[in-house]
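In case you want the letters, here they are:
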Amino acid sequence: MEAALLDQQDPLRRFREEFFQEEGRIYLDGNSLGLMSGRAEDKLLQLSMSWKQLGIDGWTEGGHPWFTLSEDLGRRVAPLVGALPHEVMVTGSITVNIHQLLSTLFQPEQGREVILCDELNFPSDIYATQSHLRLRGLDPEKTLRKVQSRDGLTLRKEDIMAELNEDVAVLLLPSVLYRSGQLLPIREITAAAHEKGILVGFDLAHSIGALPHSLHEDGVDFAVWCHYKYMNAGPGSAGGLYVHERHHTNQPGLGGWFGSDKTKQFDMDHSFTKAEDAGAYQIGTPHIFSTAPLIGSIEIFEEAGIGQIREKSLALTAFLRKLAADRVPELRDVTPAHDAERGGHVAFAHEEAARICKALKADGVVPDFRAPNIIRLAPVALYTSYEDVEEAISRLARIMEEERYKNFTNERNVVA
Ligand SMILES: *Cc1c(COP(=O)(O)O)cnc(C)c1O
């Protein structure tokens, strides 16, 4: 079907105009940093105004009292990860939340000291994990195990299963792999790990806001994510954590007064009474201005519905893949073939990936490069149209035909 017709029939079409986009530029990098919406901007301005007008009283007054903002938002984000309202908190960042949850839930015992990750995992998750092993006096060389990838891009379910041994305490994997876009079978992996007595955590960085989850039903023990990728809450916005209610009796490994029972926090007592819900795993004063945009952004998700977002995301990415296969066959599509096994972006491998990304950017298409040779393109259901996708692939095809990427150096930028 033609792009224009697909756009006309798109039930999410009305959300596109809510996002700030430069005329003529096609933004396909929402999996790294989502665009700003008017509603996110409004809430940022509103909370800045509440500081201006209310001073200290902003903690308890105004449209969005700061004292309970993280709890209020946690309840609203919970449906997006398929959690119960009290299992989710908006706080921290991915890395900080991994630190908090490993310090809370990783309890190595003689004979069960291993944390299992995968060799394609995001570096920060690995660094955090290594530091926890060291903090417990363990040697990460021996106790951080990684599921190996056969093709350097994806993980095989059977290879994950084969590593679920009795000496593993915690399994920490991404829901969607950040390079190839592979979506792992969360429920199956969790069930298999639980059979071996292994706690299971997922990093939802590349799936939250792109597809539905069912963490509680799947029995996942803990999860972390950020809100600056598909959630469009701005650079460095406060992240999220999920802890299954069965673990809510655990004292936080990293204690702090914002993990207190809210009715006791201002007693200023030196004995800590933890919150009964996932709020216990907050640490210090919430970053209000880094949280504010999410109030606006989450509203859009509530209206659009994550089911509809996933449906359009799959259709957009399928459309992109088909056009790319026809028009730029020299780019190797390394995204898993089946819908049930892929997230919200498409990944292409090419030895000139770095230069192709620069040429695309110069031509008004914003991609994202991941070393050594991956071009990621993320058409985002809320603000990318089918016509955008068609135009982006046309520009890409021209760049390849005219070998225009040769005008760019291979030098790496700090970001992208
Ligand atoms: C984006 C991303 C991060 C970034 O972590 P921060 O603590 O938010 O900087 C970590 N892990 C994965 C898998 C990511 O995709």
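Up top you'll find the structure we're talking about.
Residues numbered from 1 in each chain as written. Predicted model: local features only at pLDDT ≥ 70, side-chain atom pairs only at ≥ 80, totals over all residues. Heavy atoms only, no water.

J.: Quick one: what's the story with the nonpolar core, residue by residue and with numbers?
T.: Most often, soluble globular proteins have nonpolar side chains that are buried together. Grouped together as the largest cluster of nonpolar side chains are 63 residues, with contacts concentrated most on Leu 171, Trp 225 and Leu 382. By residue number, the principal contributor to this core is helix α10 (residues 288-304), which donates 8 residues. Viewed by domain, this core spans two of them, domain 1 (2-30 + 305-414) and domain 2 (44-302), each represented by three or more residues. Leu 171 has contacts with Leu 116, Leu 164, Ile 189, Ala 193, Ile 198, Leu 199, Val 200 and Gly 201, leaving out every residue within four places of it along the chain. (Core = buried A, V, L, I, M, F, W, Y, C linked by side-chain atoms within 4.5 Å. Buried < 20%, exposed > 50% of the residue type's maximum accessible area, 1.4 Å probe, protein only. Helix = DSSP H or I, 4+ residues; strand = E, 2+ residues; numbered from the N terminus. Domains from an automatic or database assignment. Contact = heavy atoms within 4.5 Å.)

J.: Can you break down the site of the ligand residue by residue, with the values?
T.: The environment of the ligand is formed by Ser 93, Ile 94, Thr 95, Phe 122, Asp 125, Asp 203, Ala 205, His 206, Tyr 228 and Lys 229. A distance of 3.2 Å separates a nitrogen atom of the ligand from a polar side-chain atom of Asp 203. Residue Tyr 228 places a side-chain N or O atom 2.6 Å away from an oxygen atom belonging to the ligand. A total of 390 Å² of accessible area belongs to the ligand in isolation, and the protein chains cover 85% of it. Along the lines of polarity and charge, the residues of the shell around the ligand split into 4 nonpolar, 3 polar and 3 charged. (Near = heavy atom within 4 Å. Polar contact = N/O pair within 3.5 Å; in protein donor to acceptor, adjacent residues only side chain to side chain. Areas by Shrake-Rupley, 256 points an atom, 1.4 Å probe, with all protein chains shown as cover. Nonpolar A, V, L, I, M, F, W, Y, C, P; charged D, E, K, R; others polar.)

J.: Account for α10, with residues named and values stated.
T.: An ideal rise of 1.5 Å per residue puts 24 Å on 17 residues; α10 measures up with 25 Å between its terminal C-alpha atoms. Approximately 25 degrees is the largest bend angle found in α10, and it occurs at Gly 296. Summarising burial for α10: 12 of the 17 residues are buried, a large majority. Summarising the contacts, the buried residues of α10 are in contact with α2 (38-54), α3 (69-81), β2 (88-90) and α11 (306-327). Once α10 finishes, Gly 305 follows within two positions and takes phi at roughly 85 degrees, a positive value. (Expected span 1.5 Å × (residues − 1). Bend = angle between axes of the 7 residues up to and from the residue.)

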